[in-house]
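# Reading the structure
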Amino acid sequence: MNTKNITSWLNIDANSDFSIHNIPFGIYSGKQVKHRVCSAIGDYIIDLFELESADVFDINRSVFEQEFLNDFIALGKPITNKVRLKLIELLSDTTSILKTNTALFNRVFKKQSEVNMLLPVKIGDYTDFYSSIDHATNIGTMIRDPKNALMPNWKHLPVGYHGRASSICVSGHSFHRPKGQQKPADAELPVFGATKLLDIELETAFIIGKATQMGDSITTANANEHIFGMVLFNDWSARDIQTWEYIPLGPFLAKNFASTVSPWIVTLEALEPFRTEGYVQDPKVLPYLQYSGQKNIDIKLDVFLKPQNGSENKICSSNYKYMYWTMEQQLAHHTVNGCNVNIGDMMASGTISGPSPSEYGSMMELTWRGTKPITLNDGTERKFVNDNDTIIIRGYCQKNNVRVGFGECVGTLLPATI
Ligand code: CA
């Protein structure tokens, strides 16, 4: 089916993230519904369990009544892609059962504002990369040496670490300012207390859609078979805890207290039309990391800070296309030693900064370690995140009149517990 010029019989706002070209997957709960698989169009969710009562997909509808998308994803791309294309067909064909059967329509469509979106997948393992050259250069310049900002390995492999899956929360949550050890520069010994430098990291993450066995390696050429889709990701970070703890093994308690993900998984197939060129990789990478074709994606990413009872302030506009290492390379590197991956594993991009200061993806970079505070529209200043601030990440692709978006990734920082 050629979906390029397709339109829906539903009236969809041109600025909606959930156009007929998107058709993402998520899990919702609502009145009398504990958890079900759904998709989205415009302001609606589409209840796939209800829809399958009409046998439109010819699959066992129990897969749509699970707490997570893992079982649905496990059906494999030939099936899940077919479900997505069937939805596009049902939403565009004016003679479809969904358009003509009012009782079915009323059971299937629910206003997004009237349901709760849940964590979309059961996350087995979580990995975080460090793949934006502008971000790595900024951090290296600030904390090490402006002349040698990048470590010697950085352009040869996508640096990453194994993170914590248990504290990844779906958009709309809040958490308390974490506590831990910090060592002030002028102090001889560490102190214990709430972090003073709570930061955000603007990231995306991809979700594994096809497992491998131990010993197997994924190549850059077949990586897309293993990537189900993407979400927005905020990797909250406590910079003072991080500075004291991270040598020699990397981040630990500075990162594992909370991360926020957006609820809709936008499929890789929906993102394909927005592929674009990436940075030229120089020096040339080793053969297992080489790839052909356009592997970056043009995803506009905005970050907003909203104080308690205040209005939103846009603090950053970046783009996924600034990634130096692509998802395909990250996955090839992750598995080149035979490390197996499982459905639902989540792999985050690392902070996505662009070349200009308004494109920096963390407060650390935006305020240059607190030396250039941001002034908000209420006149107050921020060096890092204050108690009761809400951070909202939004992301979307747009080409000609086609828009495919992620919705929102929202988290609120509460004061530390006593
Ligand atoms: Ca990170």
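This one's a predicted model, so the numbers in the text were calculated from it and none came from an experiment.

## Here's the deal with the overall build of the protein
Helix and strand counts for the protein come out as eleven helices and 26 strands. The C-alpha atoms of the protein give 22 Å as radius of gyration, which agrees with the globular expectation for 418 residues (22 Å, within 12%). Counted over contacts in the protein with a minimum sequence separation of 6, partners at least 24 positions apart contribute 72%. Accessible area of the protein: about 18500 Å², with a carbon and sulfur share of 51%. Each charge sign in the protein was given a centre, from 39 positive and 44 negative side chains, and these centres are 1 Å apart.

## Focus on the coordination of the calcium ion
Within the protein, the atoms that donate to the calcium ion are Asp128 (OD), Glu201 (OE), Glu203 (OE) and Asp235 (OD), at distances of 2.2 to 2.3 Å. When the donor residues of the calcium ion are listed from N- to C-terminus, their spacing reads D-x72-E-x1-E-x31-D. Taken together, the positions of Asp128 in strand 6 (residues 126-129) and Asp235 in the loop between strand 14 (227-234) and strand 15 (237-238) put the pair 107 residues apart, joining distant regions of the chain.

## A short note on the sheet that holds strand 20 (residues 300-306)
Within the open sheet, the five strands sit side by side as 9-26-25-20-21. Their pairing is mixed. In the strand order of this sheet, the two ends are held by strand 9 (173-176) and strand 21 (313-319), each with one partner. Taken pair by pair, the neighbouring strands of this sheet meet at an average axis angle of 20 degrees, ignoring direction. Direction of pairing for strand 25 (residues 390-399) relative to strand 26 (residues 402-414): antiparallel, over a ladder of ten bridges. Bridge pairing links Thr390 to Thr412 in strand 26.

## Quick word on the state of the cysteines
Within the structure shown, the criterion is met by zero disulfides. We note that Cys38 lacks a disulfide partner, and the nearest cysteine sulfur, in Cys409, lies 17 Å from it. Taking relative accessible area as the criterion, Cys38 reaches 0% and is therefore assigned buried. A disulfide-free cysteine, Cys409 has its sulfur positioned 10 Å from the sulfur of Cys169, the nearest such atom. Overall, the relative accessible area of 2% leaves Cys409 in the buried class.

## Digging into the domain arrangement of the protein
Split by domain assignment, the protein resolves into domain 1 (26-118) and domain 2 (126-414). Once you take the C-alpha centre of each, domain 1 and domain 2 turn out to be 30 Å apart. Of the roughly 1200 Å² buried at the junction of domain 1 and domain 2 (both faces included), carbon and sulfur atoms supply 68%. On the domain 1 side of the contact with domain 2, Ile73, Lys77 and Arg84 bury the most area, a combined 46% of that side's loss. Across the pair Glu269 and Lys77 runs a salt bridge whose closest N-O atoms are separated by 2.9 Å. Linking domain 1 with domain 2 are five residue pairs in polar contact (both at pLDDT 80 or more).

## Topic: the pattern of salt bridges
Considering all chains together, one arrives at 20 salt bridges under this definition. Between Arg275 and Glu272 there is a salt bridge; the shortest N-O distance is 3.2 Å. A salt bridge links Glu312 to Arg394; the nearest nitrogen and oxygen atoms lie 3.0 Å apart. Taken together, the residues Glu312 in the loop between strand 20 and strand 21 and Arg394 in strand 25 connect sequence positions 82 residues apart. Accessibility expressed as a relative area gives 33% for Glu312, which makes it partly exposed. Owing to a relative accessible area of 23%, Arg394 belongs among the partly exposed residues under this scheme.

Thresholds applied
- Residues numbered from 1 in each chain as written.
- Predicted model: local features only at pLDDT ≥ 70, side-chain atom pairs only at ≥ 80, totals over all residues.
- Heavy atoms only, no water.
- Helix = DSSP H or I, 4+ residues; strand = E, 2+ residues; numbered from the N terminus.
- Rg over C-alpha atoms; globule rule 2.2 N^0.38 Å.
- Contact = heavy atoms within 4.5 Å.
- Areas by Shrake-Rupley, 256 points an atom, 1.4 Å probe, with all protein chains shown as cover.
- Lys, Arg positive; Asp, Glu negative; His and termini not counted.
- Charge placed at Lys NZ, Arg CZ, Asp CG, Glu CD.
- Donors = N, O, S within 2.8 Å, 3.2 Å for Na, K, Ca; no water.
- Pairing = 2+ DSSP bridges.
- Axes fitted to C-alpha atoms, helices over the stretch in contact; angles between N-to-C directions.
- Disulfide = S-S within 2.5 Å.
- Buried < 20%, exposed > 50% of the residue type's maximum accessible area, 1.4 Å probe, protein only.
- Domains from an automatic or database assignment.
- Buried area = accessible area lost by both parts, 1.4 Å probe.
- Salt bridge = Lys/Arg side-chain N within 4 Å of Asp/Glu carboxyl O.
- Polar contact = N/O pair within 3.5 Å; in protein donor to acceptor, adjacent residues only side chain to side chain.

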